[in-house]
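Breakdown of the fold
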Amino acid sequence: MRLLQTDARQSNRELARKLGVAPSTCLERVRALTRRGVIRGYHADIDPAALNRRVQALVSVQIRPLSRSVIDAFQDFAGGLPQVLSVFVLSGGDDFVLHVAVQDLDSLHSFLTDRLSKRREVTGFRTSVIFQQVSNTAPTRLPEPS
């Protein structure tokens, strides 16, 4: 899995060579991982600036009332906004975190005031601008808790 995480574009033959198995064995293992839902897809890592998304932020959102229908409706709303990259539903003091990416700070301000603050269920939000991001693009399996 780590080899695919670091380079999903490599051929089955190349992957099999690196693993020291026959190409047919490698292909069947990858297909089995896909069938089991372990491999969920293959993605290109695109620079957000190339998509005119130079400013990213995490927006913590509080909503009320906390009911399934309100949570689901807000999740659907936020997930459908073009500025939103990810929606996280949380426990604790905040109900959601939105990872947003926009053109500039003025666009972020417009998103917050024109889109988010106009929702009746939103009782508050807090925004943190992202200066740098480091990602683990090839996480490994953790041991079972003891």
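Let me begin by describing the structure that accompanies this report. (Residues numbered from 1 in each chain as written. Predicted model: local features only at pLDDT ≥ 70, side-chain atom pairs only at ≥ 80, totals over all residues. Heavy atoms only, no water.)

1. Some remarks on the environment of Gly-92
- By the secondary structure assignment, Gly-92 is in the loop between strand E2 (84-89) and strand E3 (96-102).
- For the pair Gly-92 and Ser-69, spaced 23 residues apart in sequence, the C-alpha to C-alpha distance is 19 Å. (Helix = DSSP H or I, 4+ residues; strand = E, 2+ residues; numbered from the N terminus.)

2. Some remarks on the sheet that holds strand E1 (residues 55-63)
- Taken together, the four strands give an open sheet; going across it, the order is E2-E3-E1-E4, and neighbouring strands pair in antiparallel fashion. Looking at which strands have only one partner, the edges of the open sheet turn out to be E2 and strand E4 (122-130). The mean inter-strand angle of the sheet, taken between neighbouring strand axes irrespective of direction, is 20°.
- Contacting E1, E2, E3 and E4, helix H4 (residues 68-79) runs over the sheet at an angle of about 165° to E2. (Pairing = 2+ DSSP bridges. Axes fitted to C-alpha atoms, helices over the stretch in contact; angles between N-to-C directions. Contact = heavy atoms within 4.5 Å.)

3. Concerning the layout of surface pockets
- Quantified by volume, the largest pocket comes out at close to 1,400 Å³.
- Considering the residues around the largest pocket, the lining is formed by 30 residues, among which Gln-5, His-43, Asn-136, Thr-137 and Pro-139 are closest to the centre.
- In terms of residue count, helix H1 (residues 2-6) provides more of the lining of the largest pocket than any other element does, four residues in total.
- Taken together, the residues of the lining of the largest pocket break down into twelve nonpolar, eleven polar and seven charged. (1 Å grid on protein atoms, 1.4 Å probe; cavity = no way out; pocket = protein on both sides within 12 Å on 5 of 7 lines; lining within 4 Å. Points joined across faces, edges and corners; volume = space filled by probe spheres on them. Nonpolar A, V, L, I, M, F, W, Y, C, P; charged D, E, K, R; others polar.)

4. Quick word on the packing of aromatic side chains
- Going through the model one piece at a time under the given rule, you end up with two aromatic pairs.
- When the centroid spacing of 5.9 Å and the interplanar angle of 50° are considered together, the rings of Phe-74 and Phe-77 count as tilted. Linking Phe-74 with Phe-77, this pair stays in helix H4, spanning three residues, or about one helical turn.
- Phe-74 gets classed as buried once you look at its relative accessible area, which sits at 0%.
- For Phe-77, a relative accessible area of 17% gives the class buried.
- With 4.8 Å between their ring centres and 55° between their planes, Phe-74 and Phe-96 make a pair best called tilted. One end of the pair, Phe-74, is in helix H4; the other, Phe-96, is in strand E3, and 22 residues separate them in sequence. Neither residue differs from the other here; Phe-74 and Phe-96 are each classed as buried.
- A connected cluster of aromatic rings, assembled from ring pairs, spans Phe-74, Phe-77 and Phe-96.
- Of note, Arg-119 hangs over the ring of Phe-77, and the distance from its end group to the ring centre comes to 4.0 Å. (Phe/Tyr/Trp six-rings, centres within 6.5 Å; stacked < 30°, edge-to-face > 60°. Buried < 20%, exposed > 50% of the residue type's maximum accessible area, 1.4 Å probe, protein only. Lys NZ or Arg CZ within 6 Å of the ring centre and 35° of its normal.)

Geometric descriptors of this kind do not, in isolation, establish any biological role.
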